[in-house]
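# Architecture at a glance
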Amino acid sequence: MMTALNPRTVRTIWALTFGGAIVWMAMIFLAPWLAARGAAGAARIVYAVFAPVCHQIADRCFVLNGHPLAVCGRCLGIYAGVLAGLVLYPLIRGFSRLALPRARTFVFVTLPLALDGLAGVLGIWRSPIGLRFATGVLWGAILPFYFVPGLADLVRTRRERLAARKLAKSPPAT
Amino acid sequence: MDAKKPDYFRPALIAGAVAGLLSGLPLIGAGNCICCLWIVGGAAMAVKLLAAGSSTLLTAGDGAMVGALTGITAAVVDAIVSLPLRSFNLGLARRLLDKAVELGGELPSGLDDIINNSGVFSPGWFLLGLFISAAVFAVMGVLGGVIGVSLFAKKALPPAAPPQTPPGPPDAA
């Protein structure tokens, strides 16, 4: 699945995603930092932002200044992996083409996280937080290779459709 | 250039409703704790529905669009489903915490206050929560949608039917 497109668009989307990922990651550490400084109300809001995406069970979270981070070890691994993937993206893919990873690559990086998570849910074993973090990093690292091309292609498609609509509306040349 | 736009809304509404329902249910909703499992899975399902009902090749952009719409739909359905289950969910959380304390677990400071305050419904907090969920679920939906394209979208179009030749002029004879 390859499409040629304006590299500037891809670079802009990559940069915005990178900025967003850094802010998101900073907020994870901001919550315990605020809690440790006595700003309980502000910390509560930051913890609440992450509540829809993480169970936030304290003994499954890394701790900063005596307070748990805003997400569990596995989720922190996923977001750290996303940052690592974003750093690697220009080196592996570049900005001048859109290509999605192969399905088998996705299965390969998903399996460790899925097996570890499933085994935990079924009570077969309880993995240490380091392993959860590591499987999260592996899975998270592939996500920018979907997210950036997806958004870049969305922008390209919308531009193309807009141009086609303009062309259809413009009066025929005499 | 193909300016034909696939119908995103139907698959997004169906898959978003399913994902939102699963997210809002007690215990089952915890699936979202694994990187928004229901939302990412719902968005991938939306792409599968879109691919089944579309004759054109789906692009990553189509996946991103249908995924984002699925995420937003799921956030709305999740908020609606969670509302009547609020007291049940809080009761469940309280029982789990009591059990953890019984077993000698240590709870983070302030968690008790958070649970007690969560029982009070405020439209402002509800809207803020809905807005945050919609934004987060839309991003996760984009991800699920593009992953769905790579897994489920048609790789090539079926060969086109041969053009019909116009009937020739009637025989003069």
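Residues numbered from 1 in each chain as written. Chains lettered and ligands numbered in written order. Predicted model: local features only at pLDDT ≥ 70, side-chain atom pairs only at ≥ 80, totals over all residues.

### Comments concerning the overall build of chain B
Broken down by element type, chain B carries five helices and zero strands. For chain B, the N- to C-terminal ordering of α and β elements is α-α-α-α-α. The burial tally for chain B puts 38% of its 173 residues in the buried class. For chain B, the proportion of contacts with a sequence separation of at least 24, taken over those separated by at least 6, is 83%. (Helix = DSSP H or I, 4+ residues; strand = E, 2+ residues; numbered from the N terminus. Buried ≥ 20, exposed ≤ 12 C-beta atoms within 10 Å, placed from the backbone. Contact = placed C-beta atoms within 7 Å.)

### Overview of the overall build of chain A
What chain A contains, in helices and strands, is six helices and four strands. For chain A, the succession of helices and strands along the chain, N to C, is β-α-α-β-β-α-β-α-α-α. Whereas a compact globule of 174 residues would reach a radius of gyration of roughly 16 Å, chain A reaches 21 Å, over 25% beyond that. Considered along the principal axes of its C-alpha atoms, chain A spans approximately 75 × 40 × 30 Å. By the burial criterion, 37% of the 174 residues in chain A qualify as buried. Summarising the internal contacts of chain A: among those between residues at least 6 apart in sequence, 73% fall at separations of at least 24. (Rg over C-alpha atoms; globule rule 2.2 N^0.38 Å.)

### Here's the deal with the interface of chain A and chain B
At the interface, 31 residues of chain A touch 30 residues of chain B. Among the secondary structure elements, those contributing two or more residues to the side of chain A that touches chain B are helix H2 (40–50), strand E3 (67–68), helix H3 (73–92), helix H4 (103–121) and helix H6 (144–169) of chain A. For the side of chain A that touches chain B, a count of residues per class yields 21 nonpolar, five polar and five charged. (Nonpolar A, V, L, I, M, F, W, Y, C, P; charged D, E, K, R; others polar.)

### Quick word on helix H1 (residues 7–36) of chain A
Residues and elements named next belong to chain A. For H1, built from 30 residues, the straight-helix expectation of 44 Å at 1.5 Å per residue is met to within 8% by its first-to-last C-alpha distance of 44 Å. Of all bends in H1, the biggest is about 30°, found at Phe29, and the proline Pro32 comes one to four residues later. Among the residues of H1, those classed as buried are Val10, Ile13, Trp14, Thr17, Ala21, Ile28, Leu30, Ala31, Pro32, Leu34 and Ala35. Positive phi shows up at Gly38, right after H1, with a value of about 90°. (Expected span 1.5 Å × (residues − 1). Bend = angle between axes of the 7 residues up to and from the residue.)

### Details of the packing of H3 of chain A against H6 of chain A
Residues and elements named next belong to chain A. Contact geometry for H3 and H6: axes closest at 9 Å, N-to-C directions at 60°. One way to sum up the angle between H3 and H6 is to call them oblique. Where H3 approaches H6, its residues Val82, Gly85, Leu86 and Tyr89 are matched on the opposing element by Pro144, Phe145 and Val148. Looking at the contact of H3 with H6 residue by residue, the classes come out as six nonpolar, one polar and no charged. (Axes fitted to C-alpha atoms, helices over the stretch in contact; angles between N-to-C directions. Parallel < 35°, antiparallel > 145°, perpendicular 65-115°, else oblique.)

### Some points on the nonpolar core
Ranked by internal contacts, the top residues of the largest apolar core, which has 82 residues, are Val71 of chain A together with Val47, Leu143 and Val146 of chain B. With eleven residues, the single largest contributor to this core is helix H5 (residues 123–152) of chain B. Leave out the neighbours within four places in its chain, and Leu143 of chain B touches Leu143, Tyr146 and Phe147 of chain A together with Val40 and Gly67 of chain B. (Core = buried A, V, L, I, M, F, W, Y, C linked by C-beta atoms within 7 Å.)

### Focus on unusual backbone geometry
All names here are of chain A. For Gln56, which is not glycine, the phi dihedral falls at a positive 60°. The topology assignment puts Gln56 in the loop between H2 and strand E2 (63–64). According to the C-beta neighbour criterion, Gln56 is buried, with 21 such atoms within 10 Å. The phi torsion at Asn65 lies on the positive side, around 55°, for a residue other than glycine. Summarising the element assignment, Asn65 is placed in the loop between E2 and E3.

### Structural notes on the environment of Ala44 of chain B
Within the element layout of this structure, Ala44 of chain B appears in helix H2 (residues 37–52). Sequence-distant contacts of Ala44 of chain B, that is, excluding residues within four places in its chain, are made with Gly144, Ile147, Gly148, Leu151 and Phe152 of chain B.

### What to know about helix H5 (residues 129–142) of chain A
Taking 1.5 Å per residue, 14 residues should reach 20 Å; H5 of chain A reaches 21 Å between its end C-alpha atoms and fits that length. Looking only at H5 of chain A, the buried set comprises Arg132, Phe133, Thr135, Gly136, Val137, Trp139, Gly140 and Ala141 of chain A.

### Focus on the environment of Gly38 of chain A
Its location among the elements puts Gly38 of chain A in the loop between H1 and H2. With 74 residues separating them along the chain, Gly38 of chain A and Pro112 of chain A place their C-alpha atoms 39 Å apart.

### Quick notes on the confidence of the model for chain B
Counting all residues, the mean pLDDT for chain B is 77, and 66% of those residues have values of 70 or more. Interface confidence for the predicted complex, expressed as ipTM, amounts to 0.81; the pTM equals 0.79. (pLDDT = per-residue confidence, 0-100.)

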